Amino acid sequence: MSQQKIEPRLQIFMEQQRARAATGLESADMAQTGIDVTISHQENIVAGEGGERKPQLQSLASRVQKSQSPILAELKKLGVQGVTTHSLTNAVTAKLTPSQLSKIAELDEVSLIRLEAVEMVTCMDESPNVFELPEAQQDFNASGRGVRVAILDSGVDRDHPALLGKVVDEFDASGTGLAPGNHGTHVAGTVASNDPVIRGVAPQCDLLNIKVLNIFGGGLPASVINGLDQAVRRGARVVNLSLGWSEVFHGWVCNDADCILCQAVDNASRLGVAVVVAAGNEGGAAVPPFRIRHPGAARRAITVGSVDKAKILAGS
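Residues numbered from 1 in each chain as written. Predicted model: local features only at pLDDT ≥ 70, side-chain atom pairs only at ≥ 80, totals over all residues. Heavy atoms only, no water.

> Help me understand the environment of Gly51, please; the structure alone is not making it clear to me.
For Gly51, the location among the structural elements is in the loop between strand E1 (35-41) and helix H2 (53-77). With 220 residues separating them in the primary sequence, Gly51 and Leu271 have C-alpha atoms 8.7 Å apart. (Helix = DSSP H or I, 4+ residues; strand = E, 2+ residues; numbered from the N terminus.)

> Can you walk me through a nonpolar patch on the surface in this structure?
Judged by side-chain polarity, Met120, Ile215 and Phe216 come together as a nonpolar surface patch covering roughly 340 Å² of accessible area. Locating Met120 in the fold gives a position in strand E5 (residues 119-120). (Patch = residues over 30% accessible without salt bridge, like charges linked within 9 Å, V, L, I, M, F, W, Y side chains within 5 Å. Areas by Shrake-Rupley, 256 points an atom, 1.4 Å probe, with all protein chains shown as cover. Salt bridge = Lys/Arg side-chain N within 4 Å of Asp/Glu carboxyl O.)

> Looking at this structure, I do not really get the nonpolar core. What am I missing?
In globular proteins that are soluble, nonpolar side chains generally tend to be buried together. Membership of the largest hydrophobic core comes to 41 residues, with the highest contact counts inside it found for Leu88, Leu152, Val239 and Leu241. Listed by contribution, the elements that provide at least two residues to this core are H2, strand E6 (148-153), strand E8 (206-211), helix H6 (221-233), strand E10 (238-241), helix H7 (260-270) and strand E11 (274-278). Among the elements that make up this core, the one with the highest residue count is H7 (six residues). Formed by 20 residues, the second largest nonpolar core is a distinct cluster that contains Met14, Val80, Leu101 and Ala105. (Core = buried A, V, L, I, M, F, W, Y, C linked by side-chain atoms within 4.5 Å. Buried < 20%, exposed > 50% of the residue type's maximum accessible area, 1.4 Å probe, protein only.)

> Explanation requested: the pattern of salt bridges in the structure shown.
Opposite charge on two side chains permits them to pair, given that their charged atoms come into close proximity. A full pass over the atoms with the stated rule returns 10 salt bridges. Arg158 serves as the salt-bridge partner of Glu170, at 2.6 Å between the closest nitrogen and oxygen. Here Glu170, found in strand E7 (residues 167-172), pairs with Arg158, found in the loop between E6 and E7; they are 12 residues apart in sequence, far enough to count as distant. Note that Arg233 is salt-bridged to Asp229, the shortest N-O span being 2.5 Å. Of this pair, Arg233 and Asp229 are both found in helix H6, four residues apart, which corresponds to roughly one turn of the helix. Here the residues in one salt-bridge network are Glu7, Arg9, Arg114 and Glu119, joined through shared partners.

The structure is reproduced here in structure tokens:
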């Protein structure tokens, strides 16, 4: 197996599974058990800029599909079913046994194979209440009217009193149903709350509820990519991602803002979407400085940190 193509946390996961099988804690036939993974292609395919979004997205999907054909052909040869192809990043998601994974890793087209495991990735615990919102709204004459903002999160409670009538479309990319989560509802309120006292940043915008995490804030990278794709297709002008995978806490690999999440964000931006991403929760003395989660590290993301009540950059 081309070990350098196997993400370290996937290697650890497989070693743990083998150890459990050896001690009888897992079935001995675990070699035949599929592992959810996402396979990154060596080629980074960039979306065109300018013009109508739909034909640009179709062109991107066509080029990605052509690029992925050797990987898809090998997956078909190996009898792998239920393969998901991604347009915004040149990658495919599938369930592979260790032996199938080994075969795929041998392909020249494969750059990295990542584990798809549900992890806690939310980054926003408390809304900032000192960001001079009234002044900004007055200066820019901005209320959000006519703008579709996609909330990619744990699900939005469309029946919350402060959000009534705000959600105009929704999609479940998480596979867990559209039951709302506290985090997603909180983020949606920060963006669009109609509450007369605690109003959102853009109270007249329309919301797209794109659920990419479970109600507890755990999720898969592939779900986020699929949700971002849906946001682009459903006419979002702004996407909010108060989430991210951490090199520190999740073992995420992204050498040069080139991971599947960063590629997807950059291509969504090229297709006319402003993508706002949380910088992350990495800070303080125990963690090296300037660590940003992914896709917050994407070159075209608008990456947002936080300040405390004294307007001092928060440590974590």
